[in-house]
Amino acid sequence: MSKKYVYLFSEGNANMRELLGGKGANLAEMTNIGLPVPQGFTITTEACTQYYEDGQKINDGIQAEIMEYITKLEGITGKKFGDLENPLLVSVRSGARASMPGMMDTILNLGLNEDVVDVLAKKSGNPRWAWDCYRRFIQMYSDVVMEVGKKYFEQLIDQMKEARGVTQDVELTADDLKELAGQFKAEYKSKIGADFPTDPKEQLMGAIKAVFRSWDNPRANVYRRDNDIPYSWGTAVNVQSMAFGNMGDDCGTGVAFTRNPATGEKKLFGEFLTNAQGEDVVAGIRTPMPISEMSEKFPEAFAQFEKVCKILEDHYHDMQDMEFTVENGKLYMLQTRNGKRTPAAALKIACDLVDEGMIDEKQAVAMIDPRTLDTLLHPQFDGEVLKKTPVIGSALAASPGAACGKVVFSAEDAKAWAERGEKVVLVRLETSPEDIEGMKAAQGILTVRGGMTSHAAVVARGMGKCCVSGCGAIKMDEENKQFELSGKTFHEGDWLSIDGSTGKIYDGAIPTVDASIGGEFGRVMGWADQYRRLKVRTNADTPHDAAQARKFGAEGIGLCRTEHMFFDADRIPAIRRMICSDTVEQREAALAVLEPMQQSDFEGIYEAMEGLPVTIRFLDPPLHEFVPTEEADIELLAKDMGKSVAEIKAIIAGLHEFNPMMGHRGCRLAVTYPEIAAMQTRAVIKAALNVQAKHPEWTMVPEIMIPLVGEVKELAYVKKVVVETADAIIKEAGSNMKYLVGTMIEIPRAALTADEIAKQADFFSFGTNDLTQMTFGFSRDDAGKFLDAYYDKKIYENDPFAKLDQTGVGKLVDMACKMGRATNPELHLGVCGEHGGDPSSVEFFHRTGLDYVSCSPFRVPIARLAAAQAAIKDEK
Ligand code: PEP
Ligand code: MG
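No experiment lies behind these values; they were computed from the predicted model shown. (Residues numbered from 1 in each chain as written. Chains lettered and ligands numbered in written order. Predicted model: local features only at pLDDT ≥ 70, side-chain atom pairs only at ≥ 80, totals over all residues. Heavy atoms only, no water.)

In this section: the overall build of the chain. Scanning the chain from terminus to terminus reveals 34 helices and 33 strands. In terms of overall dimensions, the chain is globule-like: its C-alpha atoms have a radius of gyration of 32 Å, near the 29 Å expected for 876 residues. Principal axes of the C-alpha set define a box for the chain whose edges measure 100 × 60 × 50 Å. For the chain, contacts bridging at least 24 residues in sequence account for 68% of all contacts bridging at least 6. Carbon and sulfur atoms form 51% of the exposed surface of the chain, whose accessible area is close to 35,400 Å². (Helix = DSSP H or I, 4+ residues; strand = E, 2+ residues; numbered from the N terminus. Rg over C-alpha atoms; globule rule 2.2 N^0.38 Å. Contact = heavy atoms within 4.5 Å. Areas by Shrake-Rupley, 256 points an atom, 1.4 Å probe, with all protein chains shown as cover.)

This paragraph deals with the site of ligand 1. In the region of ligand 1, 14 residues are neighbours, and Arg561, Glu746, Gly767, Asn769 and Arg780 sit closest. Glu746 is positioned with one of its side-chain polar atoms (N or O) 2.9 Å from an oxygen atom of ligand 1. Gly767 has a polar backbone atom sitting 3.3 Å from an oxygen atom of ligand 1. Contact with the protein chains covers 95% of the free accessible surface of ligand 1, which is 290 Å². Of all the elements in the fold, those that place two or more residues in the shell around ligand 1 are strand 27 (557-561) and helix 30 (768-776). With three residues, the top contributor of residues to the shell around ligand 1 is helix 30. Residues belonging to the shell around ligand 1 are distributed by class as follows: three nonpolar, four polar and seven charged. (Near = heavy atom within 4 Å. Polar contact = N/O pair within 3.5 Å; in protein donor to acceptor, adjacent residues only side chain to side chain. Nonpolar A, V, L, I, M, F, W, Y, C, P; charged D, E, K, R; others polar.)

Our next topic: the packing of helix 19 (residues 519-531) against helix 34 (residues 860-875). Two elements in contact, helix 19 and helix 34, have axes whose closest approach is 8 Å; the angle formed by their N-to-C orientations is 45°. Considering their axes alone, helix 19 and helix 34 lie oblique with respect to each other. The crossing of helix 19 and helix 34 is left-handed. Residues Phe521, Val524, Met525, Ala528, Asp529 and Tyr531 of helix 19 form the contact with helix 34, whose participating residues are Pro861, Arg864, Leu865, Ala868, Ala871 and Ile872. Per-class residue counts for the contact of helix 19 with helix 34 are 10 nonpolar, no polar and two charged. (Axes fitted to C-alpha atoms, helices over the stretch in contact; angles between N-to-C directions. Parallel < 35°, antiparallel > 145°, perpendicular 65-115°, else oblique. Left-handed = near helix turned anticlockwise from the far one by under 90°.)

Strand order in this open sheet of three strands is 20-21-22, and the pairing throughout is antiparallel. Since the sheet does not close on itself, it has two edges, and those belong to strand 20 (475-477) and strand 22 (488-491), each with one partner. Strand-to-strand twist of the sheet, defined as the mean angle between neighbouring strand axes without regard to direction, takes the value 20°. (Pairing = 2+ DSSP bridges.)

This part is about the pairing of strand 8 (residues 252-257). The buried fraction of strand 8 amounts to five of the six residues, a majority that puts the element mostly inside the structure. Relative to strand 9 (residues 269-274), strand 8 runs antiparallel, the two being bridged by six bridges. Residue pairing for strand 9: Thr253 is matched across the bridge by Leu273. As paired strands, strand 8 and strand 11 (residues 320-327) are joined by six bridges and run antiparallel to one another. Pairing of Thr253 across the sheet is with Thr325, part of strand 11. (Buried < 20%, exposed > 50% of the residue type's maximum accessible area, 1.4 Å probe, protein only.)

So, about the coordination of the magnesium ion (ligand 2). Coordination of the magnesium ion (ligand 2) by the protein comes from Glu746 (OE) and Asp770 (OD), over a distance range of 2.0 to 2.1 Å. Residue Glu746 is located in the loop between strand 30 (740-745) and helix 28 (748-752), and its partner Asp770 is located in helix 30; the two are separated by 24 residues in the primary sequence. As far as burial versus exposure is concerned, Glu746 and Asp770 are alike and both buried. (Donors = N, O, S within 2.8 Å, 3.2 Å for Na, K, Ca; no water.)

Scanning the entire structure with this criterion turns up 31 aromatic pairs. Feature note: the residues Phe776, Phe778, Phe786, Tyr790, Tyr796 and Phe801 constitute an aromatic cluster, connected by ring pairs. When the ring centre of Tyr7 is taken as origin, the NZ or CZ atom of Lys4, which lies over that ring, is 4.5 Å away. Its guanidinium or amino end placed over the ring of Tyr69, Lys72 lies 4.4 Å from that ring's centre, counting from NZ or CZ. (Phe/Tyr/Trp six-rings, centres within 6.5 Å; stacked < 30°, edge-to-face > 60°. Lys NZ or Arg CZ within 6 Å of the ring centre and 35° of its normal.)

Moving on, we get to the sheet that holds strand 10 (residues 289-290). A sheet is described by the order of its strands in space; here five strands give the open sequence 10-9-8-11-12, paired in antiparallel fashion. Two strands bound the open sheet, and with one partner strand each, they are strand 10 and strand 12 (330-338). Across eight bridges, the pairing between strand 11 and strand 12 is antiparallel. Following the sheet pairing, Gln320 is matched in strand 12 by Asn338. The sheet strands contacting helix 12 (residues 299-316) are strand 8, strand 11 and strand 12, and the helix crosses strand 12 at an angle near 25°.

Another point: helix 30. Among the nine residues that make up helix 30, seven are buried, leaving the element largely enclosed by the rest of the structure. Burial in helix 30 covers these residues: Thr768, Asn769, Asp770, Leu771, Thr772, Gln773 and Met774. At the C-terminal side of helix 30, Gly777 shows a positive phi close to 80°.

Turning our attention to the UniProt feature "domain: PEP-utilising enzyme C-terminal" (unreviewed entry) in the chain. UniProt records the feature "domain: PEP-utilising enzyme C-terminal" (unreviewed entry) at residues 522-870, using the numbering of this structure. Between the first and last C-alpha atoms of residues 522-870 the distance is 19 Å; the span itself is 52% helix and 10% strand. (UniProt positions renumbered as here; feature names shortened; annotations may be inferred.)

Relative orientation of the contacting elements helix 2 (residues 45-53) and helix 8 (residues 200-214) amounts to 85°, with a least axis distance of 10 Å. What the angle tells us is that helix 2 and helix 8 run roughly perpendicular. Note on element contacts: helix 8 touches helix 2 through Lys209, Phe212 and Arg213, opposite Ala47, Cys48, Tyr51 and Tyr52. Among the residues making up the contact of helix 2 with helix 8, the classes are represented as five nonpolar, no polar and two charged.

Look at helix 13 (residues 343-355): 19 Å from first C-alpha to last across 13 residues, which is about the 18 Å you get at 1.5 Å a residue. With respect to burial, helix 13 is a largely interior element, 10 of its 13 residues being buried. Taken as a whole, helix 13 has its buried residues at Pro343, Ala345, Ala346, Leu347, Ile349, Ala350, Cys351, Asp352, Leu353 and Val354. On its buried face, helix 13 is in contact with helix 14 (361-366) and helix 19. Gly357 sits one or two residues past helix 13 and shows a positive phi near 75°. (Expected span 1.5 Å × (residues − 1).)

Along the polypeptide, Arg537 turns up in strand 26 (residues 535-539). Judged by its relative accessible area of 4%, Arg537 falls in the buried class. A polar side-chain atom of Arg537 sits 3.1 Å from the main-chain carbonyl oxygen of Ile557. A distance of 3.0 Å separates a polar atom in the side chain of Arg537 from a polar atom in the side chain of Thr615.

Let us now look at the pattern of salt bridges. Summed over all chains, the structure comprises 66 salt bridges. Notably, a salt bridge pairs Asp321 with Arg337, separated by 3.1 Å at the nearest N-O pair. With Asp321 in strand 11 and Arg337 in strand 12, the pair connects residues that are 16 residues apart, well separated along the chain. On the basis of relative accessible area, Asp321 is assigned to the buried category, the value being 6%. Linking Arg550 and Glu610 is a salt bridge whose minimum nitrogen-to-oxygen distance equals 2.9 Å. Residue Arg550 is found in helix 20 (residues 543-551), and its partner Glu610 is found in the loop between helix 22 (584-609) and strand 28 (614-617); the two are separated by 60 residues along the sequence. (Salt bridge = Lys/Arg side-chain N within 4 Å of Asp/Glu carboxyl O.)

Of all hydrophobic cores here, the largest spans 103 residues; its most connected members are Leu373, Tyr606, Ile685, Ile706, Phe764 and Phe766. When near neighbours in sequence (up to four residues on either side) are disregarded, Ile706 contacts Phe618, Cys667, Leu715, Val718, Val722, Val741, Gly742, Thr743 and Met744. (Core = buried A, V, L, I, M, F, W, Y, C linked by side-chain atoms within 4.5 Å.)

Right, dumping it as structure tokens:
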């Protein structure tokens, strides 16, 4: 039997989302439960896929099937398409599996032409309505099918209103509207070069094609990428017989939610507009009435609507977002779906539904989108001021939160200005580890270059600091402390506001308000914790971040990047001396200065984590990141080391790397300079011993992690240094403290030889940032330059640094887990790349059998919820 591409509403149900799209499945479901739905049919998502396979054509077979269903619909309604007696008019609307703003929405009144309008006008005795329908149809069809801008038609309407001396559309007469329809058609002809189509079948196929086409428009593609919606899904199309809200004052159209989508309050929320159609309610041309007033003007329809709301909530066990029309006092339902809501409303509604006995706790956990949670944890812009402030650019939403401050161009300025009480936004071409203190001092960070795993993004997320990165539109002039964006030059001290949750950049100051976490948040997280199997740790380098992460429920530290501690003003001279040393003795002397500082850093972190596991990673970045770039600093270092400026410059030049990501970094540093690993081991072990002595109630088991291993002998070599150093200190202290030595799996060769490596490792932590860049063969900092072209060409659908590439990189992770556990059944497995806080990646790590994920503090609640959802899904 050949494939069926079209379904009557009465043939579908709510479980057929994949095939019928969300709107189609729900129209079918409402039909099944006996609600008043104007009848129609749904053209499946598979027809959309077929349309693209056929080179953007609706093939003859599918066209014939659609027309067969038009005939069926004629049978159901008793009306006929294009008929001069009793014409059938339809709406055509898109409907993907997940609702997708950015796609074509609606065409109403399809099936009209001059002849049909005449008939409608005469038979109904309401020519104003008939011509209103026709002019709307021409306008919508021209706009969405033929892409003639809306504005041309709006101008014509405005001219007509002015000529007639009226202000409202509804004041235009039948003759005015007839004249407008004529003008619209002339406008269409002048823009398109052909007459407006009169054949309903041609109109219908044009509209369906426009829906299919809109699946691939740029806005839809961006939305899909942001919301993990695969391109392969396609959209369905719904063709529904019209109910008219514009036939007079006993008609109207409305949009409503069963609960308040902003606060979650259990009270009908929405708007209704008399004598109107479709978009009028949201278009802002006339002010609609609050839904509560509808009860006075349309008591019967309203009473019926309230009943429908109750039925729908009871049926779907969730808050519904509905569209409806009242035609001559009678209610028709045009759409229902689970309503979009703010994160705060989502939590309240989930808790209320549990309390009302509508859902259980697992369902409550499953219904909240983890990605939305972090907006609850960061400051946000004052909504009123935000509306009035112009957006001047947008880039990557690298780290959520809102920031408002005066523009500064260097980390030093950020620090200095902040110290005198100014709020600043740090604007940089890109950030480097030297900028850390400035980043800390700033309200937010804006960079011209760099992707989601660039230094700025990673560090900002770790700090919970707002960051917008990769804004290539900025023309930077660091020297003169100014930049240009959207035609405006910003100087040092000018106000700027950035939103790290949306990536938007605003000209001017928008005050921020602190986010508050209500009781429902804790309740839902408590439920989530009962169901998840994965542990959730955090990536934190300071006691402050560690404490923050504990508040958000972190169960340990999965990655403490020690290098971040080296950039503080009191340490950088020693690390520079270490780098520029000629002999082991000189290097050891410099390291001896750093050792007590590292030790006290680790003690601070251990204290903040209160006995929970802490994985400390040994020095990872290439050494050139630490050397000075400013002339004055170079001179200072030369003096400090008793060397000439030229000698220091020669050392710096020698540290230059052609490809720093693949250069002298990671365990290669410890192989070259084992004294660094020895110093770090002493600092870790002594810190743990001290904290253990202070807190006998905790069981300290320090975890030492060797980065960037690709060969088991590298690990064995560094491990030997660690073990010899650690054992000696522990013995000397008369302690029996245990410690673990593990490695990161972040080089493909490590994954490929995981069975060998596991014999030397107590744990693996997947460094999926490096593993992704080395598997794909492109740098995490440069991918932003070409990924857009890859999205456009559908080569990649997502940023693989944000969402784990399960097909390729995931295969390496899975394989390394299996091979590692085969030779070392005790092997503890985790992930500490940025993917540890991405919900779809967390689901993958759950399935792969990792023990924990580790992510930046502000993503801990997201990971907890995502881990619970993965476990719940798995159970099913
Ligand atoms: C990684 O590579 O995934 C990782 C966590 O290390 P870093 O980002 O510091 O290279
Ligand atoms: Mg790494």
